[in-house]
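Each chain is listed here by its residues.
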Amino acid sequence: MELLKALLLLSGVLGALAEFCVIPKMDGQLVEKLGQRLLPWMDRLSSEQLNPSIYVGLRLSSMQAGTKENLYLHNLKLHYQQCLLRSTSSDDNSGCQTKISGGSLALYLLALRANCELLGSRKGDRMVSQLKWFLEDEKKAIGHHHEGHPHTSYYQYGLSILALCVHRKRVHDSVVGKLLYAVEHDYFTYQGHLSVDTEAMAGLAFTCLERFNFNSDLRPRITTAIETVREKILKAQAPEGYFGNIYSTPLALQMLMTSPGVGLGPACLKARKSLLLSLQDGAFQNPMMISQLLPVLNHKTYLNLISPDCQAPRVMLVPATEDPVHLSEVSVTLKVSSVLPPYERTVSVFAGASLEDVLKRARDLGEFTYGTQASLSGPYLTSVLGKEAGDREYWQLLRVPDTPLLQGIADYKPKNGETIELRLVRW
């Protein structure tokens, strides 16, 4: 009896200490500028540039794009339906130019839910089956004894479980078990650094499963995993306030906002301060990162898609006025040590040019080649000077001497005199 009283007392104390992660309202003009940066991307309707995350981010934000938003959803539907038709038939003329990944399909399902659509038709059943096949294939790649790795990533694995969950579709215990095992055994730590966005996505998926009481046999492990994810994210908070890095902070906050916990209040206020400074510096330019941040600034998360409010008032976005262009040049040195002979060359580009522009300039000058592949987060390097990134390898971008870039080639804008190294590394 005394033990029971002690446990109840401890539970009450912890409950009293638990706080919600609340992000106080930010300057309206800063948030509006963030939304405005998505508008040009909504005019890019090629299959390689359509991004369901843009639609999800806007629908969970305090802003809307009117008819442009409706047209974007229409084009998303055409693209994904054509590509899914192609994947289940022998017709190579379906109009689909790119193969849909599991993560891309999962984001599309979130976009449909953001429009208050629940999958129930034959087309919807086909999408659910496709995503479940993806998860089964990834589960096999991980292996019965967890000796392998997903073909894609645990991030896409967690995102796919989340997408099925918000549509109230059950996922087999064996599939969920792989993600649980990965969290329990610190599989999301690479080269000594926690992948905060992967951890957060797993936590969002587990929280959704817990709310629906799916996978009831796994419920104790799911509840424990949610606590584990929260603790890992809080431990990953830097002195500056961000979690992992500034671009993984939005997803981390989405996870932390889903339920109360000890120490969340001060941690989230600190994160808000780092986000505010980054917004003032114009750090968020990538549409994927913006679309993950907009819900947080509207006090929402992907879990709001379980019961979305499609009638909530949202302010109409108007295009931003373009700033005058000042044409000046900067010099940037490209360095590649992962090939023989090593490569190093200084090129001149206009100020404000992206790293991708620097690569194109070097290629135009001769003796430099590179290859890229499109993704929802932007293009990434697949080869440099004829050397392809192999299995579990990637081309890392660094500012010399040894500072990894947090942005991709299309988003990072080198400053005058910088040296950028392209380094082939394993993960």
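Residues numbered from 1 in each chain as written. Predicted model: local features only at pLDDT ≥ 70, side-chain atom pairs only at ≥ 80, totals over all residues. Heavy atoms only, no water.

- An unreviewed UniProt entry annotates the protein as Transcobalamin-2 originating from Rattus norvegicus.
- Recorded in UniProt for the protein, the comment headed Subunit (unreviewed entry) runs: "Interacts with CD320 (via LDL-receptor class A domains)."
- UniProt's Sequence similarities (unreviewed entry) comment on the protein is quoted here verbatim: "Belongs to the eukaryotic cobalamin transport proteins family." (UniProt positions renumbered as here; feature names shortened; annotations may be inferred.)

### A look at the pattern of salt bridges
Here comes step 1: This structure, assessed with the given rule, holds 11 salt bridges.
Here comes step 2: In this structure, the salt-bridge partner of K232 is E199, at a minimum N-O distance of 3.7 Å. Placement of the pair is K232 in helix α10 (residues 219-235) and E199 in helix α9 (residues 196-212), with a sequence separation of 33 residues.
Here comes step 3: Taking relative accessible area as the criterion, E199 reaches 0% and is therefore assigned buried.
Here comes step 4: One salt-bridge network, held together by shared partners, links R59, E69 and R314. (Salt bridge = Lys/Arg side-chain N within 4 Å of Asp/Glu carboxyl O. Helix = DSSP H or I, 4+ residues; strand = E, 2+ residues; numbered from the N terminus. Buried < 20%, exposed > 50% of the residue type's maximum accessible area, 1.4 Å probe, protein only.)

### Considering the packing of aromatic side chains
Here comes step 1: Per the counting criterion, the structure on display carries nine aromatic pairs.
Here comes step 2: Ring plane angle 85 degrees and centroid distance 5.8 Å describe the contact between Y181 and Y187, whose orientation is recorded as edge-to-face.
Here comes step 3: You can call Y181 partly exposed: its relative accessible area is 23%.
Here comes step 4: Plain terms: the ring middles of F368 and Y370 are 6.0 Å apart, the flat faces sit at 35 degrees to each other, and that makes the pair tilted. For the pair formed by F368 and Y370, the shared burial category is buried.
Here comes step 5: Three or more aromatic residues link up through ring pairs in this structure, and these residues are Y154, Y157, Y181, Y187 and F188.
Here comes step 6: The ring of W41 has R44 lying over it, and the distance from NZ or CZ to the ring centre is 4.0 Å. (Phe/Tyr/Trp six-rings, centres within 6.5 Å; stacked < 30°, edge-to-face > 60°. Lys NZ or Arg CZ within 6 Å of the ring centre and 35° of its normal.)

### A look at unusual backbone geometry
Here comes step 1: The omega angle of the peptide bond from L340 to P341 is -5 degrees, so this bond is cis rather than trans.
Here comes step 2: If you trace the backbone, P341 turns up in the loop between β7 (329-336) and β8 (343-350).
Here comes step 3: V400 connects to P401 through a cis peptide bond whose omega is 20 degrees.
Here comes step 4: Structurally, P401 can be placed in the loop between β12 (393-399) and β13 (403-404).
Here comes step 5: Its identity is not glycine, yet H146 carries a phi of approximately 60 degrees, on the positive side.
Here comes step 6: Take H146: it is sitting in the loop between α6 (122-142) and α7 (154-166).
Here comes step 7: At R168, a position not held by glycine, the phi torsion is positive, near 65 degrees.
Here comes step 8: Take R168: it is sitting in the loop between α7 and α8 (173-184).

### Section: the domain arrangement of the protein
Here comes step 1: Here the protein is described as being made up of domain 1 (27-83 + 100-316) and domain 2 (329-426).
Here comes step 2: The interface is formed by 13 residues belonging to domain 1 together with eight residues belonging to domain 2.
Here comes step 3: Of the roughly 990 Å² buried at the junction of domain 1 and domain 2 (both faces included), carbon and sulfur atoms supply 53%.
Here comes step 4: If you look at where domain 1 meets domain 2, you find zero salt bridges.
Here comes step 5: For the side of domain 1 that touches domain 2, the residue count by class is six nonpolar, six polar and one charged. (Domains from an automatic or database assignment. Contact = heavy atoms within 4.5 Å. Buried area = accessible area lost by both parts, 1.4 Å probe. Nonpolar A, V, L, I, M, F, W, Y, C, P; charged D, E, K, R; others polar.)

### Description of the UniProt feature "domain: Transcobalamin-like C-terminal" (unreviewed entry) in the protein
Here comes step 1: Per the UniProt record, "domain: Transcobalamin-like C-terminal" (unreviewed entry) is annotated on residues 352-424.
Here comes step 2: The span residues 352-424 shows a helical share of 15% and a strand share of 36%, and its end C-alpha atoms are spaced 26 Å apart.

### Considerations on the nonpolar core
Here comes step 1: Counting 103 residues, the largest nonpolar core has I161, L162, F206, I233, F243, L253 and F284 as the members making the most contacts within it.
Here comes step 2: Here the element with the most residues in this core is α7; it accounts for 10 residues.
Here comes step 3: If sequence neighbours within four positions are ignored, I161 has contacts with L135, V171, V175, V176, L179, A205 and L209.
Here comes step 4: L334, V358, Y412 and L422 belong to the second largest nonpolar core, which has 25 residues in total. (Core = buried A, V, L, I, M, F, W, Y, C linked by side-chain atoms within 4.5 Å.)

### Some remarks on the state of the cysteines
Here comes step 1: Counted by the stated rule, this structure contains three disulfides.
Here comes step 2: The partner cysteine of C116 in its disulfide is C310, sulfur to sulfur 1.9 Å. Judged by the torsion about the S-S bond (110 degrees), the C116/C310 disulfide is right-handed. Here C310 lies in the loop between α13 (287-297) and β6 (315-316) and C116 lies in the loop between α5 (102-114) and α6, a separation of 194 residues in the sequence.
Here comes step 3: Judged by relative accessible area, which is 23%, C310 ranks as partly exposed.
Here comes step 4: There is a disulfide in this structure between C165 and C208, and the S-S distance comes to 2.1 Å. One disulfide, between C165 and C208, carries an S-S torsion of -100 degrees and so falls in the left-handed class. Remark: C208 occurs in helix α9 and C165 occurs in helix α7; sequence separation between them is 43 residues. (Disulfide = S-S within 2.5 Å.)

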